[in-house]
Number of protein chains: 2
Amino acid sequence: MKLLEERIQKDGHYIGDGILKVDSFVNHQVDPILMNEAGKEFAKLFMNFSATKILTAEISGIAPAVSAGLHLGIPVVFARKNKPITMPDQVLLTLSPSHTKGRTVELIVSPEYLGSGERVLIIDDFLATGKTIEGLIRLAEIAGATVVGVGALIEKTFEEGRERLEAMNIHVESLARIESMSEEGIFFHRS
Amino acid sequence: MKLLEERIQKDGHYIGDGILKVDSFVNHQVDPILMNEAGKEFAKLFMNFSATKILTAEISGIAPAVSAGLHLGIPVVFARKNKPITMPDQVLLTLSPSHTKGRTVELIVSPEYLGSGERVLIIDDFLATGKTIEGLIRLAEIAGATVVGVGALIEKTFEEGRERLEAMNIHVESLARIESMSEEGIFFHRS
């Protein structure tokens, strides 16, 4: 998606340790118009996958997931990292390592909103090692749902999450694919 | 907003202790079509306030805030409850008591995205006691920005947050106003 690549070039910053800072339009400040365009693009890419629900992880997955849900006309469930008091005692839970947090986080979904028979599209802001997305896939599987695909705004191809997901026979789409980052700049993958 | 009131009647649950569970369309599962309509309604209510930025709090404020930002054509900043490593060392921070969490949480915004001269519209999922929103107002004020209004999806009028905010001369709008909740049902405020 040209619009997103251009925005990453303009406002993204490589801050070392494999981390791309996109806080000005994705992770802290959000550009709603860009997110809406990303949602349209996800809807176009996954329109024939008969997804019945989108699954994402709080916090930064919410904006792109809700935009995609709007354009696909399906609800979005965001996995919580802390169990709120409104959630039943019996939950779906898995552990996932977080690179940016430097520790393991819980991903929790209520069985009220994710069940067998659902066709789940996973949407997240980043696809890096794929560990968070693997956690979401495990949650869908525990629920008895089928994962029909994975969509990410930004992929860091050098962290090989795509290879890991494709080895599980999962269809992966990302809107911007970063091949390398350094002080010299951000370089996109051209296939 | 009739659509939201009807949805609360249909899918909202009073679970005691003053807590309305709307996890099936706001707080865990999100209905993107309803959120989009709420965003349009916020845009209509605040179109003449010349807001330059929306401020909300993660997690459940993000979906309504991004929808409102789309229809107003302005960026959204969500205050973080944990400081991510992409954030500078010097941040805007305030403390806010959380009723549903039963403890105090931090609300953190990077000065990169909230500064003097901004006209800030605060959007959140709930207006109850107004404590979280007061925290967001403090952040805007520390940044030197002007708060032009507050919009909430759901107001619990009996917790008197509106009175607290209006005493600060802040314009408040909410899309559904709940006057009382009990085992007998959920009752809306009619002005």
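It should be noted that the structure appears before, not after, this text.
The structure reproduced in this document is the subject of the present report. Every value quoted in this text rests on a predicted model; they were computed, and no experiment measured them. (Residues numbered from 1 in each chain as written. Chains lettered and ligands numbered in written order. Predicted model: local features only at pLDDT ≥ 70, side-chain atom pairs only at ≥ 80, totals over all residues. Heavy atoms only, no water.)

## Focus: the packing of helix α4 (residues 62-72) of chain A against helix α4 (residues 62-72) of chain B
Packing of α4(A) against α4(B) leaves a shortest axis separation of 10 Å and a crossing angle of 65 degrees. Judged by the twist between their axes, the crossing of α4(A) over α4(B) is right-handed. Residue-level inspection shows I62(A), A63(A) and V66(A) of α4(A) in contact with α4(B), the latter providing I62(B), A63(B) and V66(B). Its residues placed into classes, the contact of α4(A) with α4(B) shows six nonpolar, no polar and no charged. (Axes fitted to C-alpha atoms, helices over the stretch in contact; angles between N-to-C directions. Helix = DSSP H or I, 4+ residues; strand = E, 2+ residues; numbered from the N terminus. Left-handed = near helix turned anticlockwise from the far one by under 90°. Contact = heavy atoms within 4.5 Å. Nonpolar A, V, L, I, M, F, W, Y, C, P; charged D, E, K, R; others polar.)

## Focus on the interface of chain B and chain A
Tallying the contact residues gives 40 residues for chain B and 40 residues for chain A. Approximately 3500 Å² of surface area, both sides summed, lies buried where chain B meets chain A, with 65% of it carried by carbon and sulfur atoms. Counting the contacts that link chain B with chain A gives two salt bridges. As a salt-bridge pair, K21(B) and E112(A) come within 2.8 Å of each other at their nearest N and O atoms. For the pair chain B and chain A, the interface holds 18 residue pairs in polar contact (both at pLDDT 80 or more). Of all the elements in the fold, those that place two or more residues in the side of chain B that touches chain A are α2 (23-27), β3 (29-30), α3 (32-46), α4, β5 (76-79) and β7 (103-109) of chain B. When residues of the side of chain B that touches chain A are assigned to their parent elements, the largest contribution, five residues, is made by α4(B). (Buried area = accessible area lost by both parts, 1.4 Å probe. Salt bridge = Lys/Arg side-chain N within 4 Å of Asp/Glu carboxyl O. Polar contact = N/O pair within 3.5 Å; in protein donor to acceptor, adjacent residues only side chain to side chain.)

## A short note on helix α1 (residues 2-11) of chain B
Residue and element names in this part refer to chain B. Of all the residues in α1, the buried ones are L4, E5, I8 and D11. With its buried residues spanning 160 degrees around the axis, α1 presents them on a single face. In this structure, α1 carries K2 and K10 as exposed residues pointing more than 90 degrees from its buried face. (Buried < 20%, exposed > 50% of the residue type's maximum accessible area, 1.4 Å probe, protein only. Arc of directions from axis to C-beta.)

## Some thoughts on the pairing of strand β9 (residues 146-156) of chain B
Residues and elements named next belong to chain B. Burial analysis of β9 places 10 of its 11 residues in the buried class, the great majority of the element. Where strand β8 (residues 119-127) meets β9, eight bridges bridge the pair, whose relative direction is parallel. Counted as the bridge partner of I122 is V150 from β9. As judged from the six bridges shared by β9 and strand β10 (residues 172-182), these two strands associate in the parallel manner. Its bridge partner being in β10, K156 is matched across the sheet by I178. (Pairing = 2+ DSSP bridges.)

## Concerning the sheet that holds β5(B)
With respect to topology, seven strands assemble into an open sheet ordered β3(A)-β5(B)-β4(B)-β8(B)-β9(B)-β10(B)-β11(B), the strand pairing being mixed. The two strands at the open ends of the sheet, each matched to only one other strand, are β3 (29-30) of chain A together with β11 (185-188) of chain B. With four bridges connecting them, strand β4 (residues 53-57) of chain B and β5(B) associate as parallel partners. Residue pairing in the sheet places A57(B) in a bridge with A79(B) of β5(B).

## Points about the pairing of β5(B)
The side-chain alternation of β5(B) yields two buried faces, one formed by V76(B) and F78(B) and the other by V77(B) and A79(B). Sheet analysis places β3(A) next to β5(B), joined by two bridges and oriented antiparallel. Residue pairing in the sheet places Q29(A) in a bridge with V77(B) of β5(B). Viewed along the sheet, the connection from β4(B) through α4(B) into β5(B) turns out right-handed. (Right-handed = clockwise from strand over helix to strand, strands pointing away.)

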